Amino acid sequence: MNKYKNVYEINHPLCSHNLSIIRDKSTTAEVFRNAIKRITYLLFYKATEDLELEDCNITTPLENCTCKRLSSKKEIIIAPILRAGLIFSDIANEIMPYATVRHIGMYRDEETLTPVWYYNKIPIEFENPEDTTVLILDPMLATGNSALEAIKLFVNKKVPQKNIRFISLISAPEGLEKVTSTYKDVKIITASIDNCLNQNGYIRPGLGDAGDRIFNTVEN
Ligand code: URA
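First, a word on scope: everything that follows refers to the structure included in this document. Quantities reported herein were computed from a predicted structural model and do not represent experimental measurements. (Residues numbered from 1 in each chain as written. Predicted model: local features only at pLDDT ≥ 70, side-chain atom pairs only at ≥ 80, totals over all residues. Heavy atoms only, no water.)

## Some remarks on the packing of aromatic side chains
Thinking step 1. For the structure shown, the criterion picks out 2 aromatic pairs.
Thinking step 2. Between Y107 and Y118, the aromatic rings sit 6.1 Å apart at their centres with planes inclined by 35 degrees, giving tilted as the arrangement. Taken as a pair, Y107 in strand β6 (residues 104-108) and Y118 in strand β7 (residues 115-120) lie far apart in primary sequence, 11 residues in all.
Thinking step 3. Using a relative accessible area of 46% as the deciding quantity, one classes Y107 as partly exposed.
Thinking step 4. Considering the side-chain rings of F126 and F154, the 6.2 Å spacing of their centres and the 20 degrees angle between planes classify their relative orientation as stacked. Taken as a pair, F126 in the loop between β7 and β8 (132-137) and F154 in helix α4 (residues 145-155) lie far apart in primary sequence, 28 residues in all.
Thinking step 5. F126 sits in the buried class, given a relative accessible area of 8%.
Thinking step 6. For F154, a relative accessible area of 0% puts it in the buried group.
Thinking step 7. One residue, R108, lies across the ring of Y202, its end atom 5.1 Å from the ring centre. (Phe/Tyr/Trp six-rings, centres within 6.5 Å; stacked < 30°, edge-to-face > 60°. Helix = DSSP H or I, 4+ residues; strand = E, 2+ residues; numbered from the N terminus. Buried < 20%, exposed > 50% of the residue type's maximum accessible area, 1.4 Å probe, protein only. Lys NZ or Arg CZ within 6 Å of the ring centre and 35° of its normal.)

In structure tokens, the structure reads:
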């Protein structure tokens, strides 16, 4: 349990174990990516637990039976925030091959800590926003500014907040406060709620710059 409504922190031994690997600054990029991928399955297990199902008739080798499958009336959108969010989208695609992937390009202005847009693959409008579930992917929910921008994009296109999930590895209390007070019905699924931000907007203890560590661009 945590103090935020609609924020789910995964409390699982495999999650804790893999977090200890990715936090370690001596972990190589390859090991870092693989540990994140293992955590991703646990995050998605939680993030997708209430997807709507419909009945379907199946013939097994023995007999006919009624099964459940994902509702054909619902669209699932995977929205990775470039570039670090890409680490989640391969796994998301693997477990939900029928989902649509819509990339969002934003980088953080290091002086103002505000997001700067450079790419957006979101349609002008959604045909059935009420029937659309959006999974926004970004490993680090730090100041919350990018999260607010990404969520606003979908809310402005009439996707109900309750259909939007923000998935992160590590979240800072400052960012959670900002996002949950602005969008009360958006769900946030995270592997860890850390202590605080430092003066440069990095999460403490965190893991450093997620994009640099994933893509092996850390400057020493
Ligand atoms: N982005 C990162 O990659 N790391 C942080 O700690 C904060 C934002």
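Now that the structure has been shown, we can carry on.
## Considerations on the nonpolar core
Thinking step 1. Within the largest apolar cluster, 37 residues are counted, with the highest numbers of intra-cluster contacts made by I22, L43, F88 and L169.
Thinking step 2. Elements represented by at least two residues in this core include exactly α1 (13-23), α2 (29-47), β4 (75-82), α3 (86-95), β8, β10 (164-171), β11 (187-193) and α6 (210-214).
Thinking step 3. In terms of residues, this core owes the most to one element, α2, which gives 8 residues.
Thinking step 4. In contact with F88, other than residues within four places in its own chain, are I36, T40, L43, F44, L137, D138, P139, I167, S168 and L169.
Thinking step 5. Grouped together as the second largest cluster of nonpolar side chains are 27 residues, F126, I164, F166 and V186 included. (Core = buried A, V, L, I, M, F, W, Y, C linked by side-chain atoms within 4.5 Å. Contact = heavy atoms within 4.5 Å.)

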